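Structural characterization, general
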Amino acid sequence: MVAYGAPVIGEHGRWLGIVVVIHDVTELVKLEQVRKDFVANVSHELKTPVTSIKGFSETLLYGAYKKEDTLLSFLEIIYKESNRLQMLINDLLDLSTVEQVGYEIKLNKVKLYDVLIQSIEMTNHLLEEKNMELTLSLDEKVEVLGDSDRIMQIMMNLLTNAITYSSEDTFITITIGKDHKYGYFTIKDQGIGIKTEEIDRIFERFYRVDRARSRNSGGTGLGLAIVKHIVEAHHGLIKVESEVGKGTAFTVYIPLMNS
Ligand code: ADP
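These remarks concern the structure in this document. Quantities reported herein were computed from a predicted structural model and do not represent experimental measurements.

1. Digging into the sheet that holds strand β4 (residues 133-138)
Across the sheet, five strands lie side by side as β4-β6-β7-β9-β8; this open sheet has mixed pairing. Whereas interior strands pair on both sides, the edge strands pair on one side only; in this sheet they are β4 and β8 (237-243). For this sheet, the mean angle separating the axes of adjacent strands, direction not counted, is 15°. Against the sheet, helix α3 (residues 112-129) touches β4, β6 (171-179) and β7 (182-189), its axis set at about 170° to β6. Together, β6, β7 and β9 (247-255) form the strand contacts of helix α4 (residues 148-164), whose direction differs from that of β7 by roughly 20°.

2. Structural notes on the layout of surface pockets
Where empty space is left in the structure can be found by rolling a water-sized probe over the atoms. The volume enclosed by the largest pocket comes to roughly 1400 Å³. Along its surface, the largest pocket is lined by 48 residues, and Asn 157, Thr 160, Asn 161, Thr 164 and Gly 219 are the ones closest to its centre. Per-element tally for the lining of the largest pocket: the top contributor is α4, with ten residues. For the lining of the largest pocket, a count of residues per class yields 20 nonpolar, 19 polar and nine charged. Together, 13 residues line the second largest pocket, and Val 34, Phe 203, Glu 204, Arg 205 and Tyr 207 are the ones closest to its centre. Of all elements in the fold, only α1 (26-61) and α7 (223-233) reach the threshold of two or more residues within the lining of the second largest pocket.

3. Focus: helix α2 (residues 68-99)
Because an α-helix packs 3.6 residues into every turn, residues spaced three or four apart end up facing the same way. With 32 residues, α2 extends 46 Å from end C-alpha to end C-alpha; this agrees with the ideal 46 Å at 1.5 Å per step. Here α2 has its buried residues at Thr 70, Phe 74, Ile 78, Glu 81, Arg 84, Leu 85, Leu 88, Asp 91, Leu 92, Leu 95 and Val 98. Lining the buried residues of α2 we find α1, α4, α6 (211-216) and α7.

Rules of the game
Residues numbered from 1 in each chain as written. Predicted model: local features only at pLDDT ≥ 70, side-chain atom pairs only at ≥ 80, totals over all residues. Heavy atoms only, no water. Pairing = 2+ DSSP bridges. Helix = DSSP H or I, 4+ residues; strand = E, 2+ residues; numbered from the N terminus. Axes fitted to C-alpha atoms, helices over the stretch in contact; angles between N-to-C directions. Contact = heavy atoms within 4.5 Å. 1 Å grid on protein atoms, 1.4 Å probe; cavity = no way out; pocket = protein on both sides within 12 Å on 5 of 7 lines; lining within 4 Å. Points joined across faces, edges and corners; volume = space filled by probe spheres on them. Nonpolar A, V, L, I, M, F, W, Y, C, P; charged D, E, K, R; others polar. Expected span 1.5 Å × (residues − 1). Buried < 20%, exposed > 50% of the residue type's maximum accessible area, 1.4 Å probe, protein only.

Right, here's the structure in full:
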């Protein structure tokens, strides 16, 4: 709270009172804190891979390159960390696009089934690595008003998370259907689950329930923040149901083509 006061003087210098203007700056202070946290997070996330790339390349330059197995293993680390940097920069650019005030998507007729099949093809190698299987229950006719590339981005993010936060040999169930004015898809895993008190926070930029696990699996902590903005730009909704140790289901609702 910030208050400014000024005396009000009338004719002949008569004292009439004081005008006090009070600004509630709570929201501004909160926003400033969010901005500072974001910058601190970005700096930290960028610093870690850069430090590692610099350290390992320096050691190689100072002679370690002469030992072939050291050379190979250090190059692998450098490659992995540069990939991480690239992913982070891509996600940051994406986030800044979808977070822009007035960001609009190109709306067209989109068949959820077609986009889902493409998303599955793109993530299939991850499913195979963990020997996971899909159970599908799909209404092939559902058409929504949306941007197919962005809807694919949502599906890929949710599918990748479902795979990342599940153990090997488990199932992911995907449903496509209609509900009132919305077409929807649900991606349900049998993974580690999310505590109720964490559910709202997972959509925050850089929020991760388990930082180490997310980093190790290549996550940037920005995926769900991006997903949320894309869903909002579609005037859609996203719902999460989860039970720790049992699994998580994300459902995304997008307005139907003819709603
Ligand atoms: P990340 O890149 O870390 O996966 P996201 O923004 O996609 O970032 O997700 C934020 C956090 O939400 C994750 O770090 C993880 O803790 C949690 N999370 C997301 N999806 C799932 C899921 N299907 N099961 C369990 N936890 C999840």
